[in-house]
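Chain and residue survey
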Amino acid sequence: MGTALVTGASSGLGREYAVQLATRGHDLVLVARDRARLEELATELATRHRVAVEVLPADLSDRDDLTRVAERVGSTGAQPVDLLVNNAGFGSRRGFVRGDLAEEEAALDLMVRAVMVLSHAAGGSMRSRGRGAVLNVSSVASYAVMGHYSAIKAYVTVFSEALATELAPHGVTVTAVCPGFVHTEFHARAEMNMSRLPDALWLEAADVVRESLDDVAAGRVVSVPSLTYKALVGVLRLAPRRLTRTVAGSLASRRRAPRRAG
């Protein structure tokens, strides 16, 4: 089945990607900042699924760390990476102007620059071998207008489509998965209050990962898990941007954290 490298593998969607890829027989390279959590997961997966698991602790917003991971992704030696899963990311409940600029720069480094650098490394190595796949975790937000996060994910979606076109003649596929709201640690870490969001808009991580991996296997360029979000993306693609902005403002008010007294 080859080797898959997963970024942000210690929690959330990244952990679920690691679990399901191991179940499918892939050897793994797990990347995240938390060495202890990575090693615990590596031991669990290697024992349960009898796959080789390599741990590569790294902060992908740090350029030296990113370079180390890119070297592993682009390696053509033993156990080359056959599937790159660019999953690492984070959100913020604050608006762009009210937020910390350093945090927004870190978001660009992690969710734009790291995706670009690792995709370049993977694309070059895979192109030379005539096979491979890149899976970039984007978001339904890439079709909406939900602050800086939407702008970042719009880059990921369009970049994936462009790279897919470039690499298709060389036997390499690129897929952008665009989930909606998923039950993970993502929103809690960003201190977002999601209590007012309708249950129908929530997805389970296992379902998102399974559907997106199936779409990678099928060579699909854009994967939108669930019929609900497929319909929503269809509407967003056709809707006037003014309407899209209005809907985005309504959703933003639903996930805004409550003010503290005083």
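See the structure shown above.
The sections below set out a description of the structure shown in this document. (Residues numbered from 1 in each chain as written. Predicted model: local features only at pLDDT ≥ 70, side-chain atom pairs only at ≥ 80, totals over all residues. Heavy atoms only, no water.)

What follows covers the sheet that holds strand β6 (residues 172-177). Read from one edge of the open sheet, seven strands run β3-β2-β1-β4-β5-β6-β9, paired in parallel fashion. Two strands in the sheet have a free side with no partner beyond their single neighbour: β3 (53-57) and β9 (222-223). Two elements, strand β1 (residues 3-7) and strand β4 (residues 81-86), share four bridges in a ladder whose sense is parallel. The residue bridging Ala4 from the neighbouring strand is Leu83, located in β4. Packing against the sheet, helix α2 (residues 35-49) makes contact with β2 (27-32) and β3, and its axis sits at approximately 175° to β3. In the packing of helix α4 (residues 101-129) onto the sheet, contacts are made with β1, β4, β5 (132-137) and β6, and the angle to β4 comes to roughly 160°. (Pairing = 2+ DSSP bridges. Helix = DSSP H or I, 4+ residues; strand = E, 2+ residues; numbered from the N terminus. Contact = heavy atoms within 4.5 Å. Axes fitted to C-alpha atoms, helices over the stretch in contact; angles between N-to-C directions.)

Mapped onto the secondary structure, Thr175 falls in strand β6. When sequence neighbours within four positions are dropped, the list of residues in contact with Thr175 reads Val134, Leu135, Asn136, Asp215, Val216, Arg220, Val221 and Ser223.

Moving on, we come to the packing of aromatic side chains. Summed over all chains, the structure comprises one aromatic pair. Relative to Phe159, the ring of Tyr155 lies with its centre 5.4 Å away and its plane at 10°, an arrangement referred to as stacked. Of this pair, Tyr155 and Phe159 both sit in helix α5 (residues 147-167), four residues apart, roughly one helical turn. Residue classification places Phe159 among the buried positions, given a relative accessible area of 18%. (Phe/Tyr/Trp six-rings, centres within 6.5 Å; stacked < 30°, edge-to-face > 60°. Buried < 20%, exposed > 50% of the residue type's maximum accessible area, 1.4 Å probe, protein only.)

Counting buried positions along β6 yields five of six residues, so the element is predominantly enclosed. In terms of strand pairing, β5 meets β6 through six bridges, oriented parallel. The residue of β6 that forms the bridge with Leu135 is Thr175. Following the backbone out of β5, through α5 and into the adjacent parallel β6, one traces a crossover that is right-handed. Sheet topology note: the β6/β9 ladder contains two bridges and is parallel. Residue Val177 lies in a different strand from β9, and its bridge partner there is Ser223. (Right-handed = clockwise from strand over helix to strand, strands pointing away.)

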